[in-house]
Amino acid sequence: MSKKEEKSQPAEELVKVNKWDGSAVKHALDDAVKTCLLGDRPQLKEQFGLVNTRLALCALAVGVAIMAHAWDFTHPFPESRPVLLFSVLAYFALMGVLTLHSSFREKGTFAVAVQKDKERERLWEASSDMRKYDDKYLLTLSVRDSRNGSKRREQTSSKSCAAFIDQNGIVLDSQVANEVNRLYNSLAAEKKDK
């Protein structure tokens, strides 16, 4: 192998995490699941609808705040009172909508992918949860046919994060991949049975 070929092949990067930091562990495992789910399956294309909705709500809120600031700068306070009142109320409402969106629609979803076949389109979602002082990593993989509005099917795995991270804090991608493949295959088998 020549040196040029060695440089062109990306080395598999090991992810090291502070295993006592629950938030860092959860995010590292989420990244490993997302990489496994989307990297190993070329038929799945990532969809950014949830992130784009959150980004649009935040951009609107920032736009309202900038408008209020600019209006107050050009028209000093007594004159700008109605605009400031509207801006404060609009900002509060947008933050409320953003909170509801994050709490009820996203629910810990970190990966959304679309699988388009000849006859139908499937929407895959991966979400996770890990409580503050708990070692259990709850991974949920769900699938829904988006064309005919069929029922959402999901598979859940609850394992200790020690099953996916070694003593040195290195994320074991092979263990994560085994679990994701198990969940994915069980959902794929359910689709074929029906």
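Bear in mind that the values here come from a model prediction, so they are computed numbers and not experimental data.

A separate point is the sheet that holds strand 4 (residues 136–145). Spatial strand order, 1-2-3-4-5: five strands in an open sheet with antiparallel pairing. Because the sheet does not close on itself, it has two edges, and the strands there are strand 1 (44–46) and strand 5 (153–160). Pairwise comparison of adjacent strand axes, ignoring direction, gives a mean angle of 20 degrees for this sheet. Here seven bridges tie strand 2 (residues 109–116) to strand 3 (residues 121–129), and the two strands are oriented antiparallel to one another.

Before going further, it helps to examine the packing of aromatic side chains. Inspection of every chain in the model, using the stated rule, returns two aromatic pairs. For the ring pair W124 and Y184, a centre distance of 4.5 Å and an interplane angle of 25 degrees mean the geometry is stacked. Of the two residues, W124 sits in strand 3 while Y184 sits in helix 5 (residues 173–193), which places them 60 residues apart along the sequence. Where Y137 meets F164, the ring centres are 6.3 Å apart and the plane angle is 75 degrees; that geometry is what we call edge-to-face. Taken together, the residues Y137 in strand 4 and F164 in the loop between strand 5 and helix 5 connect sequence positions 27 residues apart. The pair Y137 / F164 is uniform in exposure class, with both members buried.

Residues annotated in UniProt with the feature "transmembrane region" (unreviewed entry) correspond here to residues 51–71 and 83–100. End-to-end, the C-alpha atoms of residues 51–71 are 30 Å apart, and along that stretch the chain is 100% helix and 0% strand.

A full pass over the atoms with the stated rule returns nine salt bridges. The shortest N-O distance in the salt bridge between E46 and K34 comes to 2.9 Å. With E46 in strand 1 and K34 in helix 2 (residues 22–39), this pair connects stretches of sequence that are twelve residues apart. We classify E46 as partly exposed; its relative accessible area is 30%. On the accessibility criterion, K34 (26% relative accessible area) is partly exposed. Note that E179 is salt-bridged to R182, the shortest N-O span being 2.6 Å. Highlighted residues: E179 and R182, both in helix 5, separated by three residues, approximately one helical turn. Connected via shared salt-bridge partners are R105, E125, R152 and E154.

Remark: helix 3 (residues 49–74) packs on helix 4 (residues 77–106), axes separated minimally by 9 Å, with the N-to-C direction vectors making an angle of 170 degrees. Between helix 3 and helix 4, the crossing angle belongs to the class labelled roughly antiparallel. Of the two elements, helix 3 crosses helix 4, and the hand of that crossing is left-handed. Partitioned by chemical class, the residues of the contact of helix 3 with helix 4 number 19 nonpolar, five polar and four charged.

Glancing now at helix 3. Helix length check: helix 3, at 26 residues, gives a terminal C-alpha distance of 37 Å against a target of 38 Å (1.5 Å per residue), a fit within 8%. Next to the buried residues of helix 3 lie helix 4 and strand 2.

Basis of the calculations
- Residues numbered from 1 in each chain as written.
- Predicted model: local features only at pLDDT ≥ 70, side-chain atom pairs only at ≥ 80, totals over all residues.
- Heavy atoms only, no water.
- Pairing = 2+ DSSP bridges.
- Helix = DSSP H or I, 4+ residues; strand = E, 2+ residues; numbered from the N terminus.
- Axes fitted to C-alpha atoms, helices over the stretch in contact; angles between N-to-C directions.
- Phe/Tyr/Trp six-rings, centres within 6.5 Å; stacked < 30°, edge-to-face > 60°.
- Buried < 20%, exposed > 50% of the residue type's maximum accessible area, 1.4 Å probe, protein only.
- UniProt positions renumbered as here; feature names shortened; annotations may be inferred.
- Salt bridge = Lys/Arg side-chain N within 4 Å of Asp/Glu carboxyl O.
- Parallel < 35°, antiparallel > 145°, perpendicular 65-115°, else oblique.
- Left-handed = near helix turned anticlockwise from the far one by under 90°.
- Nonpolar A, V, L, I, M, F, W, Y, C, P; charged D, E, K, R; others polar.
- Expected span 1.5 Å × (residues − 1).
- Contact = heavy atoms within 4.5 Å.

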